[in-house]
Amino acid sequence: MMVAGMRPRAGKAAYAARENLAGWLFALPAALGFLLFTLGPMIASLFYGFTDLTISGKWNLIGLENYARMFSGRDNYFYKALWVTTQYVLMSVPMKIVYAFLLAMALNQPVRGKSVFRTIFYLPTIVPTVAISMIWLWLLNPDFGLINQMLRSVGIKGLKWIYDKRSVIPSLSLMSMWTTGGITVVFLAGLQDVPKHLYEATSLDGGGAWARFRHVTLPMMSPTIFFNLCTTLIGSFQVFSEAYIMTNGGPDNASLFYVFYLYREAFSFTRMGSACAIAWVLFIIIMAVTMLVFKTSDRWVFYQAGEGGKAL
Amino acid sequence: MTVGKLRKNTWMVFVYTLLLAGAAASLAPLYWLVRSSFMSLSQIFILPPKWIPSPFRWSNYAKAFSVVPFGRYYLNTALIVAGVVSGTVITSSLSAYAFARLRWRGRNALFACLIASMMLPFAVTMIPLFVGWSRLGFANTYVPLILPAWFGGGAYNIFLLRQFYMTIPRELDESAFVDGAGYVTIYRSILLPLTRPALIVVGMFAFMGCWNDFLGPLIYLSSSSLYTVSLGLRMFQGMYNAEWNLMMAASVVALLPVIVVFFIGQRYIIEGITLTGIKG
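Chemist: Any chance you could break down the overall build of chain A for me, citing the residues and the numbers?
Modeler: Broken down by element type, chain A carries 13 helices and zero strands. Reading the helices (α) and strands (β) of chain A from amino to carboxyl end gives α-α-α-α-α-α-α-α-α-α-α-α-α. In terms of overall dimensions, chain A is more spread out than a globule: its C-alpha atoms have a radius of gyration of 25 Å, far above the 20 Å expected for 312 residues. Its C-alpha atoms give chain A principal-axis dimensions of about 70 × 60 × 35 Å. Per-residue burial over chain A gives 39% buried out of 312 residues.

Chemist: If you had to explain the overall build of chain B to someone new, which residues and values would you point to?
Modeler: Across its full length, chain B holds 14 helices and zero strands. Start at the N end of chain B and walk to the C end: the helices and strands fall as α-α-α-α-α-α-α-α-α-α-α-α-α-α. Against the globule reference of 19 Å for 280 residues, chain B gives a C-alpha radius of gyration of 24 Å, more extended than a compact globule. Along the first, second and third principal axes, the C-alpha atoms of chain B reach 75 × 75 × 35 Å. For chain B, the proportion of its 280 residues judged to be buried stands at 44%. Look at the contacts in chain B between residues 6 or more apart in sequence, and 77% of them connect residues 24 or more apart.

Chemist: Give me the domain arrangement of chain B: which residues, what numbers.
Modeler: Residues and elements named next belong to chain B. Split into domains, chain B comes out as domain 1 (3-59) and domain 2 (66-279). Placing a centre on the C-alpha atoms of domain 1 and another on those of domain 2 gives a separation of 33 Å. On the side of domain 2, seven residues touch domain 1, which itself brings eight residues to the contact. When contributions to the side of domain 1 that touches domain 2 are tallied by element, the ones reaching two or more residues are α1 (3-37) and α2 (41-44). In terms of residues, the side of domain 1 that touches domain 2 owes the most to one element, α1, which gives four residues.

Chemist: Any chance you could break down the packing of helix α3 (residues 78-107) of chain A against helix α10 (residues 209-236) of chain A for me, citing the residues and the numbers?
Modeler: Geometry of a packed helix pair, given as the angle between the helix axes and the separation of the axes. Residues and elements named next belong to chain A. α10 packs onto α3 with a crossing angle of 145 degrees between their chain directions and a minimal axis gap of 10 Å. Handedness of the crossing formed by α3 with α10: right-handed. Residue-level inspection shows Tyr 88, Val 89, Ser 92, Val 93, Lys 96 and Ile 97 of α3 in contact with α10, the latter providing Asn 228, Leu 229, Thr 232, Leu 233 and Ser 236. Taken together, the residues of the contact of α3 with α10 break down into six nonpolar, four polar and one charged.

Chemist: Quick one: what's the story with the confidence of the model for chain A, residue by residue and with numbers?
Modeler: All names here are of chain A. Summarising the model, chain A shows a mean pLDDT of 87, and 94% of its residues fall at 70 or more. Predicted confidence is poor over residues 1-6, with pLDDT under 50, and the contacts of this stretch with residues over four places away or in other chains come to 15 contacts. For residues 306-312, every residue scores under 50 in pLDDT, and the model assigns this stretch ten contacts once sequence neighbours within four places are set aside.

Chemist: Can you break down the confidence of the model for chain B residue by residue, with the values?
Modeler: Residue and element names in this part refer to chain B. Summarising the model, chain B shows a mean pLDDT of 88, and 98% of its residues fall at 70 or more. Within chain B, helix α7 (residues 143-146) carries the highest mean pLDDT (96), whereas helix α14 (residues 244-279) carries the lowest (81). Scored as a whole, the predicted complex attains pTM 0.88, and scored at its interfaces, ipTM 0.87.

Chemist: Just give me the short version of helix α8 (residues 181-192) of chain A, but keep the residues and values in it.
Modeler: Residues and elements named next belong to chain A. Spanning twelve residues, α8 covers 16 Å between terminal C-alpha atoms, matching the ideal 16 Å at 1.5 Å per step. The buried fraction of α8 is high, at ten of twelve residues. Listed as buried for α8 are Gly 181, Gly 182, Ile 183, Thr 184, Val 185, Val 186, Phe 187, Leu 188, Ala 189 and Gly 190.

Chemist: Tell me about the nonpolar core, and please be specific about residues and values.
Modeler: By size, the foremost hydrophobic cluster in this structure holds 154 residues, and its most contacted members are Phe 257, Leu 262 and Ala 279 of chain A together with Ile 127 and Ala 250 of chain B. With 13 residues, the single largest contributor to this core is α14 of chain B. Both domain 1 (3-59) and domain 2 (66-279) of chain B contribute no fewer than three residues apiece to this core. Ignoring sequence-local partners within four residues, the contact set of Ala 279 of chain A consists of Ser 45 and Leu 262 of chain A together with Pro 121, Ala 123, Val 124 and Ile 127 of chain B.

Chemist: So, the packing of helix α1 (residues 12-48) of chain A against helix α5 (residues 107-117) of chain B: which residues are in play, and what are the values?
Modeler: Relative orientation of the contacting elements α1 of chain A and α5 of chain B amounts to 40 degrees, with a least axis distance of 11 Å. Considering the angle they form, α1 of chain A stands oblique to α5 of chain B. Like other packed secondary-structure pairs, α1 of chain A and α5 of chain B cross with a definite hand, here left-handed. Of α5 of chain B, the residues touching α1 of chain A (which contributes Gly 23, Ala 27, Ala 30, Ala 31, Phe 34 and Thr 38 of chain A) are Arg 107, Leu 110, Cys 113, Leu 114 and Ser 117 of chain B.

Chemist: Go over the environment of Ala 23 of chain B with me, naming the residues and quoting the values.
Modeler: Note on placement: Ala 23 of chain B falls in helix α1. Judged by C-beta crowding, with 18 C-beta atoms within 10 Å, Ala 23 of chain B ranks as partly exposed. A sequence separation of 167 residues divides Ala 23 of chain B from Ile 190 of chain B, and the C-alpha atoms of the two residues are 41 Å apart. Dropping the residues within four chain positions of it, Ala 23 of chain B is found in contact with Phe 117 and Ile 120 of chain A.

Chemist: Kindly report on the environment of Ala 176 of chain B, identifying the contributing residues and their values.
Modeler: Within the fold, Ala 176 of chain B resides in helix α9 (residues 170-178). Along the primary structure Ala 176 of chain B and Trp 244 of chain B are separated by 68 residues, whereas in three dimensions their C-alpha atoms are 61 Å apart.

Chemist: Describe the environment of Tyr 183 of chain B, with residues and values.
Modeler: Considering the arrangement of structural elements, one finds Tyr 183 of chain B in helix α10 (residues 183-194). Each C-alpha atom of the pair Tyr 183 of chain B and Tyr 97 of chain B lies 9.5 Å from the other, and the pair is 86 residues apart in sequence.

About the thresholds
- Residues numbered from 1 in each chain as written.
- Chains lettered and ligands numbered in written order.
- Predicted model: local features only at pLDDT ≥ 70, side-chain atom pairs only at ≥ 80, totals over all residues.
- Helix = DSSP H or I, 4+ residues; strand = E, 2+ residues; numbered from the N terminus.
- Rg over C-alpha atoms; globule rule 2.2 N^0.38 Å.
- Buried ≥ 20, exposed ≤ 12 C-beta atoms within 10 Å, placed from the backbone.
- Contact = placed C-beta atoms within 7 Å.
- Domains from an automatic or database assignment.
- Axes fitted to C-alpha atoms, helices over the stretch in contact; angles between N-to-C directions.
- Left-handed = near helix turned anticlockwise from the far one by under 90°.
- Nonpolar A, V, L, I, M, F, W, Y, C, P; charged D, E, K, R; others polar.
- pLDDT = per-residue confidence, 0-100.
- Expected span 1.5 Å × (residues − 1).
- Core = buried A, V, L, I, M, F, W, Y, C linked by C-beta atoms within 7 Å.
- Parallel < 35°, antiparallel > 145°, perpendicular 65-115°, else oblique.

Structure follows, in structure tokens:
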């Protein structure tokens, strides 16, 4: 029926009905996927959050008990995990964005070997998470790791990095900068799209490099910064493997990342119902933070369409 | 030399310094990984450290392969990857065609749902999915890892392909339509061939995402004979956590296929990220 072509002589209504059907058939996998693997589990998870579901699949309704346990502090780890993750987000997100932006700005200058540099910056992002964790365990090794060796060679006593509860989160944030290449590539593409004539106009008005950056680059790049900020924020809240493989949440729970805490609740302590409640709190936090970024965005994100004069 | 020229040269020196420092920071960990993987245990602990292994100990790799059945894990992972990549490419391109080209009731609502679902943390759906698959008897099989890819292949990929399809002039479909071509013909003989680079991008992303996946196999696979390379590497770490040379060799083994795929398709990949990031 879909293969049989539409003849122009068919009526408009029949044409629309046939297109409607074809549209649904083509999108059917995605529609089913959304129902089966996103919306359905989402509702189930909300429901399970009010039960004591165990790994065997048995459950009883227990009302708000899971949430009460978290927020009252009876679960010793909830606030800890929240605090650890917040620290990590506050540290790693700005570091990654600023570092990626700097590299992209540098790449956008008339330099040689642009695509080679771009490939090099992107390369670490394709390394499997488990391998990344292995590499950095070795690099950050307090006795024989490359980083402490290099520090020692210039006379600085190295740190204990991930083995000290004061430095574990900064260390992991630093490590996250290694895989910032995806953001760099997006920034670079955005920079290449900034119309040249805007820079020329600023120069004609007597503006220097700073004026060009402040009044052309930043406003024109704000949608791209916004996009990268949102995706990086959402990703950083969900760090798991680093804690699982490198630190096991330690030392002294200092790297008890939220998703690691959730995983432990579900698969080590087999409190699946409680883990669902924990997941929903994460979802609400992520939504709230994203909303906040969206809300403030009309103050700092500049969209070219319609109001072109604002950039200058 | 004029002042302007001098200033420009200083600026370019600064730019190149930044780029070279960034490149060094990107490459040094990878270099360190490879060099450590070829050293003996006594060589790896020499202070100050050596930059080049001598002699090259290839036997580290033989050891890594004999301790953990990485050959088997390669095959396991390849099987999952094949299922995921084909499912993703086929179903995401079908859906993207519907979203980019056809008018049907509910299109915009479903598209909005899909885009919004990208914000949903995987942790929210993880537990019901695990419980559901277990109840259906599919725990400790590859079904939960492969089958979902056959249902749209992820919102991100649908979005990416839709962006590509929208860049193809509509007149092409319309003239084929007038000539009597149906939707399937238009999809197969116009859109698919013209968007081959985009399909390659989606395939590559799916390949890398699947090869690198850790949490999925960790949750679903319990028999070690079914393990993927990532799980094998993790298991290796548990057994040999002081033998850094062997751990680095095992990490190289886990990393090699993605590096190869990346270098084959990097041009497409960078285009792909660029398109979603900018139009997104």
